[in-house]
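# Residue-level structural notes
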Amino acid sequence: MGNDRRKQKPDIHRVILPKITPLEIWDCITSEGILWDSMYQNSFPLILKKVIEDLQSGTAVSASKTIINSAVQDFDALYIGGGGARCDEIISALQELNIPVIVSENPIFSGVAGGKHLLEKHDLKGLVVDIGQTQIKISTDHKLHTYHRDIKLLPIRDDEDTAHHKEQLQNFYRFVGSSIAENVQLIHKPEGIVLALPCWIGNDLSLGGSSYAGMKGNSELIEQILNHADLDNIKIILLNDAELTCYTALCDKRLNGFKKVLVVTLGFGVGAAVLDAV
């Protein structure tokens with residue numbers, strides 16, 4: 001007789017820290033459309049600089065008419081993570097701002113230190129899994145791994161074409177699940193996973209959209225990922241990718257003495273959060 005033991009639902013803990021305020025700035029209005037439109041243009045460094053100036057002064061406006069949280073105003077330092085932090089043109093433009101610019105010591109894995117801190121805080125041994133929109137970054141105790149998104153299997157979401165979303169969602173589950181499973185083989189079964197998603201996350205665990213099809217409003221996404229990783233009875237520490245980089249910033253001694261920090265992650269898109277560093 002086969003084993004019909006049912007897997008337990010994951011214990012998901014949504015990390016909320018009053019010191020961190022998530023921001024949506026990808027659709028801030030610029031001279032060339034919204035910020036997202038200029039991501040891969042030569043003018044992006046200067047456009048990003050202008051958006052950051054507008055955020056600091058409280059004059060930034062979003063195309064969706066969503067009010068940008070006033071908590072962002074008057075920050076006194078800028079912390080940059082993500083692959084875009086390795087771009088000299090971007091960093092040079094931002095260094096012209098009237099505030100210090102601190103670049104993550106490991107831009108691609110800018111969430112690792114924060115994720116490890118969260119595992120320790122919850123007295124857990126396990127993995128840090130940062131799901132980006134171009135690659136997944138996974139950290140074990142001693143290893144760092146990246147898994148690049150296959151755009152043929154996981155194309156950029158097209159809201160006008162939902163015919164293949166179900167298939168793409170299954171591909172997403174397999175992509176993330178197999179990446180996690182490969183790292184679990186390197187260690188003992190993890191007690192917990194710090195999981196960062198590239199989308200807005202509500203306090204009730206509701207999910208916003210991303211460039212992956214089928215993420216918005218998906219109430220079974222985490223459970224499906226763990227099923228494909230063959231994991232159960234595990235604690236999930238859940239937050240968004242910019243928030244995770246904020247936790248790394250909290251551990252960065254170079255930010256000592258600043259009162260409020262704007263944390264920006266530059267990858268496939270632009271993520272942001274405000275850190276009250278005091």
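The structure reproduced in this document is the subject of the present report. (Residues numbered from 1 in each chain as written. Predicted model: local features only at pLDDT ≥ 70, side-chain atom pairs only at ≥ 80, totals over all residues. Heavy atoms only, no water.)

Taken as a whole and assessed by the stated rule, the structure comprises five salt bridges. Note that arginine 254 is salt-bridged to aspartate 252, the shortest N-O span being 2.7 Å. Using a relative accessible area of 37% as the deciding quantity, one classes arginine 254 as partly exposed. The exposure class of aspartate 252 is buried, given its relative accessible area of 10%. (Salt bridge = Lys/Arg side-chain N within 4 Å of Asp/Glu carboxyl O. Buried < 20%, exposed > 50% of the residue type's maximum accessible area, 1.4 Å probe, protein only.)

With mixed pairing, six strands are arranged side by side in an open sheet as S1-S11-S10-S7-S8-S9. In the strand order of this sheet, the two ends are held by strand S1 (11–14) and strand S9 (144–148), each with one partner. Across the sheet, the axes of successive neighbouring strands diverge by a mean angle of 20 degrees, strand direction being ignored. For S1 and strand S11 (residues 235–240), the ladder comprises four bridges, and the chain directions are parallel. Each residue of the ladder has a partner; that of arginine 14, found in S11, is leucine 238. (Pairing = 2+ DSSP bridges. Helix = DSSP H or I, 4+ residues; strand = E, 2+ residues; numbered from the N terminus. Axes fitted to C-alpha atoms, helices over the stretch in contact; angles between N-to-C directions.)

This part is about the packing of aromatic side chains. Enumeration over the complete set of coordinates arrives at three aromatic pairs. Between tryptophan 36 and phenylalanine 268 the ring centres are 5.0 Å apart and the planes differ by 50 degrees, which places this aromatic pair in the tilted class. In this pair, tryptophan 36 sits in the loop between strand S4 (33–34) and helix H1 (44–57) while phenylalanine 268 sits in the loop between strand S12 (260–266) and strand S13 (270–276), placing the two residues 232 residues apart along the sequence. Judged by its relative accessible area of 15%, phenylalanine 268 falls in the buried class. Aromatic pair phenylalanine 172 and tyrosine 212: ring centres 4.8 Å apart, planes at 55 degrees, arrangement tilted. Taken together, the residues phenylalanine 172 in helix H4 (residues 165–184) and tyrosine 212 in the loop between strand S10 (192–197) and helix H5 (221–228) connect sequence positions 40 residues apart. Accessibility classification places phenylalanine 172 together with tyrosine 212 in one group, the buried group. Put simply, the rings of Phe172, Tyr173 and Tyr212 touch in pairs and so form one group of aromatic residues. (Phe/Tyr/Trp six-rings, centres within 6.5 Å; stacked < 30°, edge-to-face > 60°.)

Here histidine 165 shows up in helix H4. Its relative accessible area of 16% is what places histidine 165 among the buried residues. In contact with histidine 165, not counting residues within four places along its chain, are Arg157, Asp158 and Ala213. (Contact = heavy atoms within 4.5 Å.)

With that settled, the discussion passes to the packing of helix H3 (residues 112–121) against helix H6 (residues 241–250). Angle between the axes and distance between the axes are the two parameters that describe a pair of packed helices. Viewed as axis vectors pointing N to C, H3 and H6 meet at an angle of 85 degrees, and their least axial separation amounts to 6 Å. Taken together, H3 and H6 sit at an angle that is classed as roughly perpendicular. Contact residues: H3 offers Val112, Ala113, Gly114, Gly115, His117 and Leu118, while H6 offers Leu244, Tyr247 and Thr248. When the residues that make up the contact of H3 with H6 are grouped by side-chain class, the tally is five nonpolar, four polar and no charged. (Parallel < 35°, antiparallel > 145°, perpendicular 65-115°, else oblique. Nonpolar A, V, L, I, M, F, W, Y, C, P; charged D, E, K, R; others polar.)

For aspartate 123, which is not glycine, the phi torsion reads 55 degrees and is therefore positive. Topologically, aspartate 123 is positioned in the loop between H3 and strand S7 (126–131). Residue aspartate 123 is classed as exposed on the basis of its relative accessible area, which comes to 68%. Its identity as a non-glycine residue notwithstanding, leucine 205 has a phi of 75 degrees, on the positive side. For leucine 205, the location among the structural elements is in the loop between S10 and H5.

Below, the discussion takes up H3. Along H3, the positions that sit buried rather than exposed are Val112, Gly114, Gly115, Leu118 and Leu119. Across the axial projection of H3, the buried residues extend over an arc of 165 degrees, all falling on one side. Of the residues in H3, the exposed ones pointing more than 90 degrees away from the buried face are Glu120 and Lys121. At its buried positions, H3 is contacted by S7, strand S8 (135–139), S9, S10, S11 and H6. Once H3 ends, the next one or two residues include aspartate 123, with phi positive near 55 degrees. (Arc of directions from axis to C-beta.)

Interpretation note: all reported values are geometric properties and have no functional meaning in isolation.
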